[in-house]
Amino acid sequence: MSDVVSELRQRLVPEDRTYKQISEDILDTLEEAPSKGWLIGFSISALILTIGFLTVAYQVGTGIGTWGLNKTIGWSWDITNFVFWVGIGHAGTLISAVLLIFRQRWRTAINRAAEAMTIFAVACAGIFPLIHAGRPWLLYWVFPYPNTHGSLWTNFRSPLLWDVFAISTYLTVSLVFWYMGLLPDLASVRDRTKSSIRKLIYGLLSFGWNGSNRTWHHWEVMSLVLAGLATPLVLSVHTIVSMDFATSVIPGWHTTIFPPYFVAGAIFSGFAMVITLLVITRKVLNWENYITMGHIDAMCKVILVTGMIVGLAYGTEFFIAWYSGNEYERYCFINRATGPYWWAYWSMISCNVISPQFFWFKKMRNNLVVVFILSIVVNIGMWFERFVIITTSLHRDFLPSSWSMYSPTWVEIVTFIGTFGLFFTLFFIFIRVLPGIAVAEVKSVYKFARHDH
Amino acid sequence: MKKDFIVAIFDDEEKLLKSAFKARDKNIDIYDVYTPFPVHGLDDAMGIKRSFLPYVTFGAGATGLLFAASYQVWTMAIDWPINVGGKPFISWPAFLPITFELTVLFAAHSTVLAFLVYNKLFPGKSPVIMHPEQTCNKFVVAMDKDKVNFEDAKALFGEHGALEVKIQNVDMNP
């Protein structure tokens, strides 16, 4: 390889590698014994998951009276956490589908991990409605199958049922999209491993993939088709989630701005989570040559843009509340900013609107410590956003005599922390047993911006 | 079943691509090419027709759309209509979200299924391997020995930078 560099474009893989070395850099970690750091991280996550699981068992056994809800606030942490996790998932699909359609080749290094994150986050989200159903073993009642409950169908006019369809479509489509992308890399692991057990397992998982160009041709068309389907799908999912609120008549919820506002917020939080995970992963696994500062920089810019869309939405909401002349709507927003939950509102504003402004500066985008901290701050802010929307709208609505306050019980807090246990346990397993970077796709963009191209 | 193939092995996709086009010009029939990643242009060189998969997507999507729309109308307006404040039974705007979701659900899964079935990929299938590194860093052109003259192939691919051109006995049902 020559050392002539294109002046116009940054290389996607800065240092020179052969194709074989790319495979080694990314896949060798699957062949090695787990590191101490991995064991510690995995153990902590698994411990948190176990505690979370026991807490879920307790509340399913006792009933959701163990939560801090009351007759005024019938929804709070459960749905907050649900929306929080679903939102995080959105970045994965955005990276794998939307950036594929826009031919953003830098996506190849981060799409695998981001899609895995999507699937794990949606799994975490699903836990909350599952518990809230009270009797999770009857959850199949949400599907419109012919039944003997008096021929009573599910209500297709309910946004909660739309959610069922949106989330299950999203989860399964993301899963197959991710898995089809994994096939070539699983085959690569199968062909290079020396261990016969690994050969057997990855042989089963790779479906007999052999890199035939006839198969590749269909594979590429399929990827494009799935990306084309996943793009409107991901937008529809958070749109429908926002309709859980927007189709109601509660002040603060009954607004048409919700769908785009929720989608922007979802992308915002999702990219923050991708950064949180990958800043650590690239360091620990020495993937700095693949997940480069250029990637981090690009993701910070996405956060900056979506953060400002979210900020614009906050402003618009406030303006329309005043402009509508509806006194309940006006009160709702004044109450958000100055009422008993003011601290939640201002945490949201400072984390989501103010903190991303640091990303205007290249120096900040290139400072991994700043980027890492801000990525966590953004997700704290996005959690507060959902809490503010849900709880402050409910706690003071039309009738002052039914106004109330809400605070979570330990059960809700531990359950929420438990879902982080699930998320990180799954991520730790993923990074050990599956190729964390799409090796084949990175190879296909390796020559981008190299001298002979 | 075992079969003899002429295989030309490359370590660079551009040399491979150039020689594949030359092979097309000289009417050397390529059975298949095995690559670690999709090489753009190879489809033209091999004369692969455009994939049929988008038709499956469209058909399945249309099926999902019609199914979801008619199922919701049937349950909500025909089989068990419930009067909600005198509102119309066929409240079609409320049926749109699920109609959309099922369109995507049917289209996506059918496309994937059609891809797997057509390419005969399934869990536990043993791959046909021409070169142990074809999923890592080697690009392998395979030609049917009965259809292609070995000397012609050797001359053409050798000239375009193949590492090796040889006859290989390959197990087609491993």
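A. Molecular detail of the overall build of chain B. Secondary structure summary: chain B contains five helices and four strands in total. In terms of overall size, chain B is more extended than a compact globule, its C-alpha atoms giving a radius of gyration of 25 Å where 174 residues would be expected to give roughly 16 Å. Across its three principal directions, the C-alpha atoms of chain B cover 85 × 30 × 25 Å. In chain B, buried positions account for 40% of the 174 residues.

B. Looking closely at the overall build of chain A. Along the backbone of chain A there are 15 helices and zero strands. For 453 residues, the compact-globule estimate of 2.2 N^0.38 gives 22 Å, and the C-alpha radius of gyration of chain A, at 23 Å, lies within 12% of that figure. Across its three principal axes, chain A shows a C-alpha extent of roughly 75 × 55 × 40 Å. When burial is assessed residue by residue, chain A has 48% of its 453 residues classed as buried. Residue pairs at least 24 apart in sequence account for 83% of intrachain contacts in chain A once pairs closer than 6 positions are excluded.

C. Up close: helix H11 (residues 342-354) of chain A. Taking 1.5 Å per residue, 13 residues should reach 18 Å; H11(A) reaches 17 Å between its end C-alpha atoms and fits that length. On its buried face, H11(A) sits against helix H9 (293-323), helix H10 (327-338) and helix H13 (368-395) of chain A.

D. Molecular detail of the nonpolar core. Counting 143 residues, the largest nonpolar core has A:Met117, A:Phe271 and A:Val274 as the members making the most contacts within it. If sequence neighbours within four positions are ignored, A:Met117 has contacts with A:Gly92, A:Met273, A:Val274, A:Leu277 and A:Phe427. B:Leu17, B:Ile30, B:Met143 and B:Ala162 belong to the second largest nonpolar core, which has 28 residues in total.

E. Quick peek at the confidence of the model for chain B. Per-chain confidence: chain B averages 89 in pLDDT, with 100% of residues scoring 70 or above. With pTM at 0.92, the complex prediction returns an ipTM value of 0.93.

F. Quick peek at the interface of chain A and chain B. Facing 48 residues of chain A, the contacting portion of chain B comprises 52 residues. At the level of elements, helix H1 (19-31), helix H5 (159-192), helix H7 (213-246) and helix H15 (439-445) of chain A are the ones that each hand at least two residues to the side of chain A that touches chain B. Sorting elements by how many residues they give to the side of chain A that touches chain B places H7(A) first, with 15 residues.

G. Focus on unusual backbone geometry. Within the chain, A:Phe207 stands out as a residue other than glycine whose phi angle is a positive 60°. Position of A:Phe207 relative to the elements: it lies in the loop between helix H6 (196-205) and H7. Taking the number of C-beta atoms within 10 Å as the measure of exposure, A:Phe207 has 21 and is therefore buried. Of note in this structure, B:Asn27 is not a glycine but carries a positive phi near 60°. Summarising the element assignment, B:Asn27 is placed in the loop between helix H1 (13-25) and strand E2 (32-34). Residue classification places B:Asn27 among the exposed positions, given that 8 C-beta atoms sit within 10 Å.

H. Looking closely at the pairing of strand E1 (residues 2-10) of chain B. Residues and elements named next belong to chain B. Across eight bridges, E1 lies against strand E4 (residues 164-171) in antiparallel orientation. Along E4, the bridge assignment pairs lysine 3 with valine 170. Of the strand pairs in this sheet, E1 and strand E3 (residues 139-144) are connected by six bridges, and their pairing is antiparallel. Looking at E3, one finds that phenylalanine 5 is bridged to aspartate 144.

I. Spotlight on the environment of B:Gly161. Residue and element names in this part refer to chain B. Turning to its location among the elements, glycine 161 is positioned in the loop between helix H5 (150-159) and E4. Sequence spacing of glycine 161 and lysine 15 is 146 residues, and the spatial spacing of their C-alpha atoms is 6.3 Å. Ignoring sequence-local partners within four residues, the contact set of glycine 161 consists of Phe10 and Lys15.

J. Looking closely at the sheet that holds E1(B). Residues and elements named next belong to chain B. Spatial strand order, E2-E3-E1-E4: four strands in an open sheet with antiparallel pairing. Strand pairing shows two members of the sheet lacking a second neighbour, E2 and E4, which therefore form its edges. In this sheet, neighbouring strand axes are inclined to one another by 30° on average, regardless of whether the strands run parallel or antiparallel. As paired elements, E2 and E3 share three bridges and run antiparallel to each other. Bridge pairing in E3 links tyrosine 34 to valine 140.

K. View of the environment of A:Arg198. Residues and elements named next belong to chain A. Within the fold, arginine 198 resides in helix H6. Classification of arginine 198 as partly exposed rests on a count of 16 C-beta atoms within 10 Å. The sequence separation of arginine 198 and arginine 157 amounts to 41 residues, and the corresponding C-alpha distance is 49 Å.

L. Expanded view of helix H14 (residues 410-433) of chain A. Residue and element names in this part refer to chain A. Taking 1.5 Å per residue as the helical rise, H14 with its 24 residues ought to reach 34 Å, and the 34 Å between its terminal C-alpha atoms agrees with that figure. Residues Val411, Glu412, Thr415, Phe416, Gly418, Thr419, Gly421, Leu422, Phe423, Thr425, Phe427 and Ile431 constitute the buried set of H14. For H14, the secondary structure elements touched by its buried residues are helix H2 (36-62), helix H3 (77-101), helix H4 (111-132) and helix H8 (258-284).

The rules behind each value
Residues numbered from 1 in each chain as written. Chains lettered and ligands numbered in written order. Predicted model: local features only at pLDDT ≥ 70, side-chain atom pairs only at ≥ 80, totals over all residues. Helix = DSSP H or I, 4+ residues; strand = E, 2+ residues; numbered from the N terminus. Rg over C-alpha atoms; globule rule 2.2 N^0.38 Å. Buried ≥ 20, exposed ≤ 12 C-beta atoms within 10 Å, placed from the backbone. Contact = placed C-beta atoms within 7 Å. Expected span 1.5 Å × (residues − 1). Core = buried A, V, L, I, M, F, W, Y, C linked by C-beta atoms within 7 Å. pLDDT = per-residue confidence, 0-100. Pairing = 2+ DSSP bridges. Axes fitted to C-alpha atoms, helices over the stretch in contact; angles between N-to-C directions.

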